[in-house]
Amino acid sequence: MTDTVDQNGQGEEQPQEKTAKQLEKEAKKAAKLEKLKAKLDKKSSAPAVQKDKPEKKAKETKESAIYTANTAPGEKKDISGSMPDAYSPQYVEAAWYAWWEKQGFFKPEYGRKSVLEPNPKGKFVMVIPPPNVTGTLHLGHALTNAVEDAITRWHRMNGRTTLWNPGCDHAGIATQVVVEKKVWREEKKTRHDLGREEFIKHVWQWKHEKGGRIYEQMRSLGSSLDWSRERFTMDEVTSRAVTEAFVRLHDAGDIYRANRLVNWSCALKSAISDIEVDKRELPGRTMLSIPGYDKPVEFGVLVHFAYKAEGSGEEVVVATTRVETMLGDVAVAVHPNDERYKHLIGKNLEHPICKRKLPVIADDYVDMNFGTGAVKITPAHDPNDYEIGKRHNLPFITIFDDEGRTLDNCAQFSGKKRFDVRREIVLCLQQLGLYRETKDHAMVVPLCSRSKDVVEPMLKPQWYIRCDKMAEEAIKAVKSGELKIIPEVHEKIWYHWMEGIRDWCISRQLWWGHRIPAYRVTISGQQERDVAMPARRRTRSGRKKRRVRHNKPRPTVINEEERWVSAHSEQEALTKAAAKFNVKAEDITLCRDEDVLDTWFSSGLFPFSIFGWPDNTEDLEAFYPGSLLETGHDILFFWVARMVFFGQRLLGKLPFKEVYLHPMVRDAHGRKMSKSLGNVVDPVDVVRGVTLDQLHAQLLDSNLDPREIEKAKAGQARDYPNGIPECGTDALKFALCAMAQGRDLNLDILRVQGYRFFCNKLWNAARFALLYFPPDTSYEAFSGPLPAGLSAMDQWMLSKVSLAVQKVNGGFRSYDFPAATTHCYNLWLYDLCDVYLEYLKPVFASGTEEEKAAARRTLFTTLQLGLTLLSPFMCYVTEELYQRLPRKDRSCLSICVAPYPTEEETPWRSESLEADVETVLKIVHAIRSTRSEYNLANKQKTTVHLVLADDAQALRGLFSKVQSLANSELSDGQPPAGCSILTVSDKIEVHLVLKGLIDPQKEITKLEKKKETLSQTISKLQQAMAADDYSTKVPAEVQKANSEKLTQSQGELERLNAAMESLKLM
C-alpha cells in the first residue's frame, strides 16, 4: 500500500483550525448523541415486560393448480371441470400443444386441398433462423420465437396460407468442438486418433442423442412451426442443394481458389469467419490467459526496436504490438514526403535474426505523425501489410504453422510457440543492442469465440466467392424498394457492408460440415507449378513435409487454381477433368479437398434448399420466394445478405420481400448477456421458475472457467436474490414482444412477472364474466352494424374493442409490437376489468331482461374478440379461455385458426362517446380520490350532485350508469351546503355530500397543517423571486420550475380554503 502524498509532498494532511460555526455544530451533535446514549441506557436497564401478543395466523399459500385429467398425448384437453381459482401456467399450458400439432393447425395444408390451391387472402412464408444444433434455448432465441410466432399466428388467423418452417444448423465449429471434448472426456482420444470417418459417426450419434433438445424447448414455447417440414442443414435434401450451389457457382467463375490472409484459429487449426471473432478492447498493458500457455501473455504494449541500415551506422526504429512477427518482416515503409527517411528510400536495412535484407519503401499508407513514422511490413501476417506487399510486389513469408509454432525459417526460434517467442525475442533484441523501449498502448485483441485463442492472420489457400456483382444487385433491391429493411435505420448498415464488400472465404479446415465437392487434378506427364511458401514445408500437425524433386522438367505447367474441378461425384469430376484438359481419364488422378464449407454457406441457401431445390418441387413452387425474414440485427450481413446473394444468383428472385430486425437482448442493467456476469437466463427458468441455489448449480454444470464462477454467483445473487418466479410462457412471450423496439432490449424479469399478474387478472375476469352466461346458452359475437337496444356503456365497450382491433392490426402491419401489446393490455385491464365488468354488476343485479341480453352479447363479443386479438402473443391462456366460451358456432376447433378481428367487421368506433365516458371516468376518479383522502370505507356510500353546464348535461345520464364505480349515488336535487366541491373542468363541478360520514373538526385540523406548510412554501418562493438579481442569476429552467410550483401551490391553497369553509358548514 502506498502513502497518499499531497501537492506539498506531505504524507498526511495538516489539521486546520475550525470556525466558530463548525465548533457550534459539533457541540450540538455531541449533545444529541449524549442524549440518545442516556435514553438507550435507561431502556436497557429497565426490566423487560413481556407482552402477550396475539398469535399471527400463518398466511396460507395456495399451491398452483396442476392439470391431472387423463388426456392421451395429442388428444384434446379435458376442460369439463371447474376453472381453477387462480391462473396457473402449468395447468393452462398442459396438453394443448400436442393437440394443435396432431390436428395439423400449423401446416399450410390445413383447411385446403393443396398448398398450390389459390388463396384470395394470400400467403405468408417465413423460415426460422436455424439455431445451432449444439445449442439450448437462450433469451435471444426466445425473443426470436416470440416475435415470429406472433407474426405467424396473426397471418394464419387472417386466413392466409401460412408456413413457418423450422430447421437447425449443423454449426460446424461449435459442434466439432463439443464432440471433440466429449470424445476426449470419455475415451481420452483426439479426432485424429479416431480418424475422419469414425469421428463423423460420433458426431451423428451425438446429434441424434442431444440435437433435439432445442426443438423440445421451441415446442414448450408454443411455437406454431410446421414440424413436418423440419430441416437440418446436413440432411440429404439440404446437402444436395449445397453441392449443386457450389458446382454451379464454381463452373460460372463465382467461386475460385486463392492464397490470401484469413482469420486463423491455431487451437481449432481452421480459418474462421468474422462473426466468430470476438474483439476485446484493452486500455493498455494487460496479461491474458491463452489456451495452451501456462503463464499469462502480455498484450496492450508497443515494443520499439531498431533495424540498422546496410553499410552505415544509421538505424530506423519501428514499433509493434506483435513483436514475434518481426521474424516475417520483409520491408520497412515510410511516407514518401517524410524528410527524416527520404535519403533511405530504396536502400536496405539488415534483419538481425533472419539475415534478410529489408528494403525501405515509400507508401502513402504510412502516417508520418504516428510513432516513429516507420512501419515494419509483414505481408503474410497482417491485413494492412498484405495490401502493401501486393502493391510493392514484396515476398510473403509465413512464419507460423497451423498450430501457431514457428517454422524452420525462424533461425534459433524455429519450432517454438508464438507467444513464447514473443518473450524470448525481446531478450534477444536487448542482447543485440536493438531494443529501445516498451510503452502501454490501447489495442483490440481478436479472440476466437469458440476456443478463446488469439486469432492469427495467416496466408492460406482457400475457396472464395466473388461478391462485388452480387452486392450491386443487393443494393439495387433495397434502393428500388423491392426488398424492404425494417427498421429503416439498418439500410445504412446494408449499404455500408455492400459498398465495401470483400470476397467471402467459404472454406474451413474442419471435419464436420459439407465437404467441398472439389477435386484436385494431377495428370501424368505434367509438371506442377512450384510456389515458394515456407509454410507449405510443414503439415498441419507441424511436421516437415518431404520435398518431391523431379529429375526432369515436365513439358506442361498448370496453374494451381486451374487444377481444380467441382462435381457432384468423383466420376463426374473425372469426366469434367478429362474434357477440361483434353486428356484421357486413365491419365488423371483425383484428390478431393478435405476442407468443409463455412456453415453460413448452407445457411445462405436455407430459404430454398429446404423446399427441395434444385428440383422444381411443389413446395418450392408454393413457398419460394418467402414473405418475411425476421432475425436479430447482428447477422444482417452474415446471414441475411448471403441469402439475398444466393437467391438472386441461383434462382433469379429475392428470397423474401421484407426483413424485420429485432433488438438484441441484454440484462436489466443494459449489459451484454455473459456467463461470467451470471446474467445469462434460460427462458425455461423464467417460464417454470428457479431458486437461487438452482441458478448457482447451473453455473457448476457449465463450461465456465472455475475462476469466474464466484463472480457469476455474486451477479446472480445481486440480480435474483429470491431466484426467478414462475412466470409462464404467455407472460414471457408477451413481455418480449412488448419490449421489442430499438437496438437493445433490456430485459427486466420483474416486468415479465408483471405480465404474469396480468394473466391472472385476465383469468379472473373471464372466470367472473362466464358466470353471467346461464347454463346451456350460447352466443354469437356482433359483426358489422350494431343492433338497436344497446346501452351507452355497451356501445362504449364495443367502441373500445373496435379501437383495439384497429391498433393491434396496425401494429402487426408495421411491426410495432409494443403498440399492439399495449392496446391488447389496455382493452383487458383498463376497459373491460376496471370499467365494463364493474358497470355490469348493477345491470345483472337489477336491470331489465332486455338490458341483460344486450349486456351478455356485448360481453361475449368483447371476450371472444379480446381473446382472439391477444392470441398471437399469449397462445395458451387464450386457447384455454376460448374453449370455455359459450360459442354458438363451434365450427372453429381452436383459437389458433379462428378468424382474426378486422376493422371491416368491427365498425363500432365512436370517438365522441369515448370522450364522454373518459370525462365521466374523471368524475369517478375525483370522487374516489376524495373518499380515499377521508378514509371512507367501500360500504359507506356517498351522495353526489353534479353541477353541469348546459352543453354537458348528457354526462348526467352516463354517470348514473357507472356511479357504482365511485361507490356513490347520483342525486337530482340541489346540492346542500357543506358539500366537498370537486372541480373536474370549467363545465363540471362535483358536490360530494360528506356530512355525517366524517368528523369536520378533525378534518379541519388536518387541513390547517397542510395550509401552514403550503403558505410557507409560497412565501419562500415569492421571496426568492422578488430578489433584484433573480432574473439574471437564476437559470431559466429553475425560474420556470419555481413559477410552476408557485402556481400549483396557490391553486392548492385556494382548494384547501374552499374545503375548510365547506367543512365549517357541516
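Analysis parameters
- Each chain carries its own residue numbering, running from 1 in the written order of its sequence.
- Side-chain atom pairs in this predicted model are given and counted only at pLDDT of 80 or more, local residue features only at pLDDT of at least 70, and totals for whole chains, interfaces and linings cover all residues.
- Just so you know, side-chain values use all the structure's heavy atoms and leave hydrogens and water out.
- We count a stretch as a helix when DSSP gives it H or I for four or more residues in a row; a strand needs E for two or more, and each element gets its number in order from the N terminus.
- The classification of residues rests on relative accessible area computed with a 1.4 Å probe and restricted to protein chains. Under 20% of the type maximum is buried, over 50% is exposed, and intermediate values are partly exposed.
- Whether two residues touch is decided by their heavy atoms; if any such pair falls within 4.5 Å, the residues are in contact.
- Each accessible area is a Shrake-Rupley result for a 1.4 Å probe, and residues are judged covered by the shown protein chains and nothing else.
- Residues counted as positive are Lys and Arg, residues counted as negative are Asp and Glu, and His and the chain ends are not counted.
- The atom standing in for a charge is NZ when the residue is Lys, CZ when it is Arg, CG when it is Asp and CD when it is Glu.
- By definition, two strands form a pair when at least two bridges between them are found by DSSP.
- Simply put, an axis is a line fit to the C-alpha atoms, just over the touching stretch for a helix, and the angle between two N-to-C directions goes from 0 to 180 degrees.
- In this scheme, roughly parallel covers angles under 35 degrees and roughly antiparallel covers those over 145, while 65 to 115 is roughly perpendicular and the rest are oblique.
- Stacked, edge-to-face and tilted are the three classes for Phe, Tyr and Trp ring pairs, Trp counted by its six-membered ring, which pair at centre distances within 6.5 Å; planes under 30 degrees apart are stacked, over 60 edge-to-face, the rest tilted.
- Seen with its strands pointing away from the viewer, a crossover is right-handed when the path leading from the first strand over the helix to the second is clockwise.
- The term salt bridge refers to a pairing of a side-chain nitrogen on Lys or Arg with a carboxyl oxygen on Asp or Glu at a separation within 4 Å.
- Only buried Ala, Val, Leu, Ile, Met, Phe, Trp, Tyr and Cys residues count toward a nonpolar core, and they belong to the same one when joined by side-chain atoms within 4.5 Å.
- Here the expected length of a helix is defined as 1.5 Å per residue gap, with one fewer gap than residues.
- Per-residue confidence from the predictor is given as pLDDT, running between 0 and 100.

On to the overall build of the chain, then. For the chain, the helix and strand inventory stands at 32 helices and 35 strands. Here the C-alpha coordinates of the chain stretch approximately 125 × 95 × 60 Å along the principal axes. A burial count over the chain gives 50% of its 1066 residues as buried. For the chain, contacts bridging at least 24 residues in sequence account for 78% of all contacts bridging at least 6. In the structure as shown, the chain presents an accessible area of about 53,600 Å², 49% of it carried by carbon and sulfur atoms. Separation between the mean location of the 152 positive side-chain charges and that of the 147 negative ones in the chain comes to 3 Å.

With that settled, consider the sheet that holds strand β33 (residues 968-970). The strand order across the open sheet formed by 4 strands is β33-β32-β35-β34, and the pairing between neighbours is mixed. Of all strands in the sheet, those with a lone pairing partner are β33 and β34 (980-985), marking the two edges. Sheet twist, expressed as the mean angle between neighbouring strand axes with direction ignored, is 30°. Bridge count between strand β32 (residues 942-948) and β33: 3 bridges; the pairing is parallel. By the bridge assignment, T943 is partnered in β33 with E969. Contacting β32, β33, β34 and β35 (988-993), helix α28 (residues 911-933) runs over the sheet at an angle of about 150° to β34.

Direction vectors running N to C along helix α24 (residues 792-813) and helix α25 (residues 817-846) enclose 170°, while the axes themselves pass 8 Å from each other. One finds that α24 runs roughly antiparallel with respect to α25. Residues M793, D794, W796, M797, K800, V801, A804, K807, V808, G811 and F812 of α24 touch α25, and the partners they reach there are F817, A820, H823, C824, L827, D831, L832, V835, Y836 and Y839.

Turning to the pairing of β35, a few remarks are in order. In terms of burial, β35 is a largely internal element, 5 of the 6 residues being buried. Note: β32 against β35, 6 bridges, orientation antiparallel. Residue pairing in the sheet places V944 in a bridge with L992 of β35. The turn linking β34 back onto β35 is made up of 2 residues.

Let us now look at the packing of aromatic side chains. Summed over all chains, the structure comprises 49 aromatic pairs. Ring geometry for Y660 against F817: centres 5.6 Å apart, planes inclined by 75°, an arrangement best described as edge-to-face. Residue Y660 is found in strand β29 (residues 658-662), and its partner F817 is found in helix α25; the two are separated by 157 residues along the sequence. What makes F817 buried here is its relative accessible area of 0%.

Right, let's get into the sheet that holds strand β6 (residues 270-272). Sheet strands pair via backbone hydrogen bonds, and the direction of the pair is either parallel or antiparallel. Spatially, the 4 strands line up as an open sheet ordered β6-β5-β18-β20, and their pairing is antiparallel. A strand with exactly one partner marks an edge of an open sheet, and here the two such strands are β6 and β20 (504-505). Across 2 bridges, the pairing between strand β18 (residues 456-465) and β20 is antiparallel. From the neighbouring strand, Y464 faces β20, where its bridge partner is C505. Most of the contacts of helix α10 (residues 383-391) go to strand β5 (residues 255-265), to which it runs at about 140°, and overall it touches β5 and β18.

This paragraph deals with the pairing of β32. Put simply, side chains in a regular strand alternate between the two faces of the sheet. Counting buried residues along β32, 5 of its 7 residues qualify, which places the element largely inside the surrounding structure. Handedness of the β-α-β unit built from β32, helix α29 (residues 954-962) and β33 comes out right-handed.

Scanning the model with the defined rule gives 49 salt bridges in all. A cluster of three or more residues bridged by salt bridges with shared partners is formed by E109, D226, R229 and D619.

Further remarks concern the nonpolar core. In this structure, W100 and L859 are the most contacted members of the largest nonpolar core, which totals 172 residues. It is α25 that contributes the most residues to this core, 15 residues altogether. Counting 59 residues, the second-largest nonpolar core is a separate cluster that includes L249, F611, L636 and V640.

Attention shifts here to the environment of P166. Topologically, P166 is positioned in the loop between β2 (161-165) and β3 (167-168). Judged by relative accessible area, which is 0%, P166 ranks as buried. Contact partners of P166, with chain neighbours within four places excluded, come to I128, L225, D226, W227, R229, E230, R231 and F606.

Quick look at the environment of K279 now. For K279, the location among the structural elements is in strand β7 (residues 277-282). Spatially, the C-alpha atoms of K279 and L510 are 23 Å apart, while their sequence positions differ by 231 residues. Look past the residues within four positions of K279 in its chain and what remains in contact with it is V444 and V445.

Okay, the environment of A171 next. Note that A171 resides in the loop between β3 and α5 (172-187). Judged by relative accessible area, which is 5%, A171 ranks as buried. Taking C-alpha positions, A171 is 8.5 Å from P131, a pair spaced 40 residues apart along the chain. If we skip the residues at most four places from it in the chain, A171 touches N132, V133, Q176, W512 and T599.

Here the focus is the side chain of D598. Along the chain, D598 falls in the loop between β27 (596-597) and α15 (599-604). Residues within four places of D598 in sequence aside, it is in contact with S273, W504, C505, I506, R508 and R642.

Counting buried residues in helix α27 (residues 875-882) gives 8 out of 8 residues, a clear majority hidden from the surface. Residues of α27 that are buried: C875, Y876, V877, T878, E879, E880, L881 and Y882.

Each turn of an α-helix holds 3.6 residues, which means side chains three or four residues apart point in the same direction. Taking 1.5 Å of rise per residue, 19 residues should cover 27 Å, and helix α4 (residues 139-157) covers 26 Å from first to last C-alpha, within 8% of that figure. Within α4, 18 of the 19 residues are buried, which leaves the element mostly enclosed by the surrounding structure.

The next thing to look at is the confidence of the model for the chain. Where the model shows low pLDDT, its predicted coordinates should not be examined in detail. For the chain, the average pLDDT comes to 88, and 90% of its residues sit at 70 or higher. This stretch, residues 43-54, has a pLDDT under 50; its non-local contacts, to residues over four places away or in other chains, come to 0 contacts. Scored below 50 in pLDDT, residues 529-555 shows 38 contacts in the model against residues more than four places distant or in partner chains.

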